[in-house]
Amino acid sequence: MSPAPRRWVAGSAALVLAGLGPVWLAPAASATDEGENPCDPQIVMATPRSIDTLAEQSAPAVRMHVAQAHRITRGAGVTVAVVDSGVGAGLGMDVVQESVPGFGGPLLSGHGSIVAGLIAGEHGVAPDARILSMRVLDKNDPDVEEGERPVTSTSLAAGLNRLADLHGRIPFGVVNISLTMPLPDPVLKAAVKRLQQRDVVVVAAAGNAPAEESSAYPGTPDSDAEVYPADYPGVLGVSAVGPGGDTDLRPYVRPNKQTDVAAPTLGALSVNLNGQKCQVSEEIATSYAAAQVSGVVALLRARFPRETAKQVVARLVRTAEGSDLRPNPWTGAGVVQAADALTHQLAPRRNGQLSRSEAEPRSDATAPPAPVREDVHGPSRHMLLWFALVLGAVVALAFVTRPLLRRLS
């Protein structure tokens, strides 16, 4: 695991780009003998483009059953706001560019582009969705003497407030925040609430474990790391899982009781800022997990356009892998399941509440047999039927034998 990101202090707000630690300080990507081109935020527009990754299938998409979900919807008509380092143009996505004041000029990090690609790129979870990019930082390790700036609680709140102002002109149903802060900020909390009041699903990374604790992270099921904005009420907190049984996540993600769901990241396909098709090759990163969950939320908002944000989240959480188990601070209700979220026959109320006893049959399940109703008049009806048959037989016999009887008389 790569070192954790440096911590920057701006005013009273310290920054931890949790979920980005194992990604942002990785060495520059290069094609391997197997043709794997890793996703790397340090690759910028001017980086020479080498071979694309040869991988054709996203392992996380397979586990989340995204291909089956695409038979129903690919996210058309939904806009996802990505609050990050900016999203590059010409990367095969429909992107609307916005930023908070002070963050202009060439993009200095490819992280926002990788996140957007996981959501709505060619191999993304919701490839027909549109991206609204809100740039709130230059890069994780900026050269402050050159005027480069990191994200702060202030700039993040400004980006969210800017989005709230834009919502009437550019409607969007999902906001992805693959950035975290270690301390609460009432201004940031208020900005999140403004978006929620506009019926937007706010998705945020639940936080990676610090590198200095990664070898033996002391988390327990009772641990509760402070990670913002994931910890704010109503925010969909997302953690990351590995490719297998996910039994040893402690070196990678923070135990956070506000974690709602999780998503796999290893093997996910996206695009670097220079246009290379890339693959998440080593990381279990909550920033990338949040992006994939935002893609699933976009599919749900396309499939159920009249449902509230709380109803959509209820579908996502109730159908997560292992959602019948007690949620835990590492994976929440479990790994999201895109196809199940779209097809399970649920009827959440507008406040997101579901009946505890509500059945959850799959849409392709065999219907149960119709109940057998007791017939209280059965015996009498049977007697009348036999009497009618006998009477009919006598009448028919009399009609047939009548001419014979006339001849004999």
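Up top is the structure these notes are about.
All values derive from a computational prediction rather than experimental measurement.

What counts as what
Residues numbered from 1 in each chain as written. Predicted model: local features only at pLDDT ≥ 70, side-chain atom pairs only at ≥ 80, totals over all residues. Heavy atoms only, no water. Helix = DSSP H or I, 4+ residues; strand = E, 2+ residues; numbered from the N terminus. Buried < 20%, exposed > 50% of the residue type's maximum accessible area, 1.4 Å probe, protein only. Contact = heavy atoms within 4.5 Å. Pairing = 2+ DSSP bridges. Axes fitted to C-alpha atoms, helices over the stretch in contact; angles between N-to-C directions. 1 Å grid on protein atoms, 1.4 Å probe; cavity = no way out; pocket = protein on both sides within 12 Å on 5 of 7 lines; lining within 4 Å. Points joined across faces, edges and corners; volume = space filled by probe spheres on them. Nonpolar A, V, L, I, M, F, W, Y, C, P; charged D, E, K, R; others polar. Core = buried A, V, L, I, M, F, W, Y, C linked by side-chain atoms within 4.5 Å. Phe/Tyr/Trp six-rings, centres within 6.5 Å; stacked < 30°, edge-to-face > 60°. Lys NZ or Arg CZ within 6 Å of the ring centre and 35° of its normal. Left-handed = near helix turned anticlockwise from the far one by under 90°.

**What to know about the overall build of the protein chain**
Reasoning step 1: For the protein chain, the count of helices and strands is ten helices and eleven strands.
Reasoning step 2: Split into buried and exposed, the 409 residues of the protein chain put 53% on the buried side.
Reasoning step 3: Put simply, of all contacts in the protein chain between residues at least 6 apart along the chain, 76% involve residues at least 24 apart.

**A short note on the sheet that holds strand E6 (residues 174-177)**
Strand pairing in a sheet is mediated by backbone hydrogen bonds. Such pairs are either parallel or antiparallel.
Reasoning step 1: The strand order across the open sheet formed by seven strands is E4-E5-E3-E6-E7-E8-E9, and the pairing between neighbours is parallel. Looking at which strands have only one partner, the edges of the open sheet turn out to be strand E4 (95-99) and strand E9 (259-264). With strand direction ignored, the average angle separating the axes of adjacent strands in the sheet is 25 degrees.
Reasoning step 2: Pairing of strand E3 (residues 79-84) with strand E5 (residues 130-135), which is carried by six bridges, proceeds in the parallel orientation. By the bridge assignment for E5, valine 82 is matched with serine 133.
Reasoning step 3: In this fold helix H4 (residues 111-120) packs onto E3, E5 and E6, with an angle of close to 155 degrees to the strand it touches most, E3.
Reasoning step 4: Across the face of the sheet, helix H5 (residues 153-166) comes into contact with E3, E4, E5 and E6 while running at roughly 135 degrees to E5.

**Regarding the layout of surface pockets**
Reasoning step 1: Of the voids in this model, the largest pocket is the one considered here, and its volume is about 890 Å³.
Reasoning step 2: Sorting the residues of the lining of the largest pocket by element identifies strand E7 (201-205), E9 and helix H8 (309-318) as the ones contributing at least two each.
Reasoning step 3: Taken together, the residues of the lining of the largest pocket sort by class into 16 nonpolar, nine polar and eight charged.

**A look at the nonpolar core**
Soluble globular proteins tend to pack their nonpolar side chains together in the buried interior.
Reasoning step 1: Within the largest apolar cluster, 63 residues are counted, with the highest numbers of intra-cluster contacts made by Ile131, Val203, Val293, Val297 and Leu316.
Reasoning step 2: When residues in this core are grouped by element, the largest group, ten residues, is from helix H7 (residues 286-303).
Reasoning step 3: Residues in contact with valine 297, not counting those within four places in the same chain, are Val174, Val201, Val203, Leu236, Val312 and Leu316.
Reasoning step 4: Grouped together as the second largest cluster of nonpolar side chains are 35 residues, Met134, Leu163, Met181 and Leu188 included.

**Describing the packing of aromatic side chains**
Reasoning step 1: With the rule as written, the count across this model stands at one aromatic pair.
Reasoning step 2: Relative to tyrosine 232, the ring of tyrosine 228 lies with its centre 5.0 Å away and its plane at 45 degrees, an arrangement referred to as tilted. Each member of the pair, tyrosine 228 as well as tyrosine 232, is classed as buried.
Reasoning step 3: Stacked on the ring of phenylalanine 103, the Lys or Arg arginine 149 has its end atom at 4.3 Å from the ring centre.

**Some details on unusual backbone geometry**
Excluding glycine, a negative phi dihedral is what most residues carry, and trans is how most peptide bonds are arranged.
Reasoning step 1: Backbone torsion omega between tyrosine 228 and proline 229 reads 10 degrees, so that peptide bond is classified as cis.
Reasoning step 2: Tracing the chain through its elements places proline 229 in the loop between E7 and strand E8 (236-241).
Reasoning step 3: Positive phi is not limited to glycine here, since aspartate 199 has a value of about 60 degrees.

**A closer look at the pairing of E3**
Reasoning step 1: Counted residue by residue, E3 has six buried out of six residues, so it is predominantly covered.
Reasoning step 2: Alternating residues of E3 divide into Thr79, Ala81 and Val83 and Val80, Val82 and Asp84, and every residue in both groups is buried.
Reasoning step 3: When E3 meets E6, the two strands line up parallel, connected through four bridges. Paired with valine 80 across the two strands is valine 174, which belongs to E6.

**Considerations on the packing of H7 against H8**
Reasoning step 1: It is the contact of H7 with H8, at a shortest axis distance of 10 Å, that shows an interaxial angle of 120 degrees. The handedness of the crossing between H7 and H8 is right-handed. Judged by residue contacts, Val293, Val296, Val297, Leu300 and Arg301 of H7 engage Ala309, Val312, Arg315 and Leu316 from H8.
Reasoning step 2: Within the contact of H7 with H8, the residues separate by chemical class into seven nonpolar, no polar and two charged.

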